[in-house]
Amino acid sequence: DDGFWATQSTLSGGTLTNGIGGNINVLAAGGGGRFLRINLINQGTVTVNRALTMDKAGAVHTNTGTIQVNENVTVSQSGTNPSFTNSGTINVASGKTFQVNGESFIHASGGAFTGAGTVSMSNVAMTLTVDFLMAANVTLNTTTVDGTGRTLTNGVGKTLTLVNSTVNTALVNGGTINVPPATSTINGVLTNQAGGMVRLGAWQTSELVVLDVTNNGTIELTDDGFWATQSTLSGGTLTNGIGGNIN
């Protein structure tokens with residue numbers, strides 16, 4: 001845009017392929033919005049320095065390169081069979097969010113979430129074709145994670161927030177799992193590693209339904225000290241291992 005008026009810049013059409021070694025830069029200058037209404041095939045580097053919206057109906061996006069999120073990115077999926085397949089790196093800067101709304105997100109071999117920011121999935125069907133170690137903060141809101149025989153791992157020092165979501169894989173926690181008001185379900189084994197924290201509650205009612213739990217870290221059922229709240233951990237077998245704490 002012209003750097004003065006709040007104008008809008010849009011690239012729309014069929015498919016944009018950013019080849020190996022290619023660079024797409026979403027520049028910070030100006031006050032308007034940035035929109036990609038196109039199928040994105042990224043094999044190189046996409047650097048986002050201004051808030052970006054990707055909202056083409058029916059879009060099929062693939063990332064085998066790097067998406068550097070220095071400003072918020074929103075991927076809104078709608079229409080017929082839209083999807084986002086990631087076998088590259090999505091690196092999110094501190095205080096920024098890579099947000100996927102709706103439909104399908106596929107984690108494939110080589111895929112990574114990294115950085116001090118947050119990857120947020122809302123109303124998404126997330127499929128793991130391989131095990132997934134998440135090295136960024138992740139929020140799953142009304143989202144289902146599937147992957148037969150796969151393991152989802154929340155990395156050390158990272159926070160996984162579960163809101164009305166279902167995880168149909170094994171889940172390993174090396175950081176913090178937050179379960180705010182709502183009911184979330186883990187239909188695989190939850191392993192809370194030494195140093196890991198699983199925290200339920202704060203206000204209103206929180207429930208985590210788990211097939212089986214092995215706890216070597218801390219499980220904390222809390223409230224805010226004011227409201228008559230309820231925190232519930234339910235399901236199958238809970239094994240509290242050496243060094244495990246349930247508070």
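### So, the packing of aromatic side chains
Summed over all chains, the structure comprises four aromatic pairs. Ring geometry for Phe84 against Phe105: centres 5.5 Å apart, planes inclined by 10 degrees, an arrangement best described as stacked. Of this pair, Phe84 sits in strand E9 (residues 83-86) while Phe105 is found in strand E11 (residues 97-107), placing the two residues 21 residues apart along the sequence. The exposure class of Phe84 is buried, given its relative accessible area of 1%. Residue classification places Phe105 among the buried positions, given a relative accessible area of 0%. Ring geometry for Phe113 against Phe132: centres 4.9 Å apart, planes inclined by 70 degrees, an arrangement best described as edge-to-face. You can see Phe113 sitting in strand E12 (residues 112-128) and its partner Phe132 sitting in strand E13 (residues 132-141), a full 19 residues away along the chain.

### Concerning the pattern of salt bridges
For the structure shown, the criterion picks out three salt bridges. As a salt-bridge pair, Glu71 and Lys96 come within 3.1 Å of each other at their nearest N and O atoms. With Glu71 in the loop between strand E7 (66-69) and strand E8 (73-76) and Lys96 in the loop between strand E10 (89-92) and E11, this pair connects stretches of sequence that are 25 residues apart. Judged by relative accessible area, Glu71 falls into the partly exposed class, the value being 27%. Residue classification places Lys96 among the partly exposed positions, given a relative accessible area of 21%. As a salt-bridge pair, Arg199 and Glu220 come within 3.0 Å of each other at their nearest N and O atoms. In this pair, Arg199 sits in strand E21 (residues 197-201) while Glu220 sits in strand E23 (residues 218-222), placing the two residues 21 residues apart along the sequence. According to the relative accessible area criterion, Arg199 is partly exposed, its value standing at 29%.

### Observations concerning the nonpolar core
Of all hydrophobic cores here, the largest spans 46 residues; its most connected members are Ile90, Phe98, Phe105, Phe113, Met126, Leu190 and Leu208. Among the elements that line this core, the one with the most residues is E12, at six residues. Excluding residues that lie within four positions of it along the chain, Leu190 makes contacts with Leu171, Ile177, Val198, Leu208, Val210, Asp212, Val213 and Thr214.

### Overview of unusual backbone geometry
Most peptide bonds take the trans configuration, and most residues that are not glycine carry a negative phi. The phi angle at Glu103 is positive, at roughly 65 degrees, despite the residue not being glycine. Topologically, Glu103 is positioned in strand E11. Despite not being glycine, Asn164 shows a phi value in the positive range, around 50 degrees. Within the secondary structure, Asn164 is located in the loop between strand E16 (159-163) and strand E17 (166-167).

### Concerning the side chain of Ser122
Within the secondary structure, Ser122 is located in strand E12. Relative accessible area serves as the criterion here: at 16%, Ser122 is assigned to the buried category.

### Some thoughts on a nonpolar patch on the surface
Together, Leu221, Leu238 and Ile246 make up an exposed nonpolar region whose accessible area comes to about 230 Å². Examined against the element boundaries, Leu238 turns out to sit in strand E24 (residues 230-240). Overall, the relative accessible area of 36% leaves Leu238 in the partly exposed class.

### What to know about the side chain of Thr218
Within the element layout of this structure, Thr218 appears in strand E23. Classification of Thr218 as buried rests on a relative accessible area of 16%. Residues contacting Thr218, with those up to four places away along its chain left out, are Asn192, Gly196, Met197, Val198, Asn245 and Asn247.

Basis of the calculations
- Residues numbered from 1 in each chain as written.
- Predicted model: local features only at pLDDT ≥ 70, side-chain atom pairs only at ≥ 80, totals over all residues.
- Heavy atoms only, no water.
- Phe/Tyr/Trp six-rings, centres within 6.5 Å; stacked < 30°, edge-to-face > 60°.
- Helix = DSSP H or I, 4+ residues; strand = E, 2+ residues; numbered from the N terminus.
- Buried < 20%, exposed > 50% of the residue type's maximum accessible area, 1.4 Å probe, protein only.
- Salt bridge = Lys/Arg side-chain N within 4 Å of Asp/Glu carboxyl O.
- Core = buried A, V, L, I, M, F, W, Y, C linked by side-chain atoms within 4.5 Å.
- Contact = heavy atoms within 4.5 Å.
- Patch = residues over 30% accessible without salt bridge, like charges linked within 9 Å, V, L, I, M, F, W, Y side chains within 5 Å.
- Areas by Shrake-Rupley, 256 points an atom, 1.4 Å probe, with all protein chains shown as cover.

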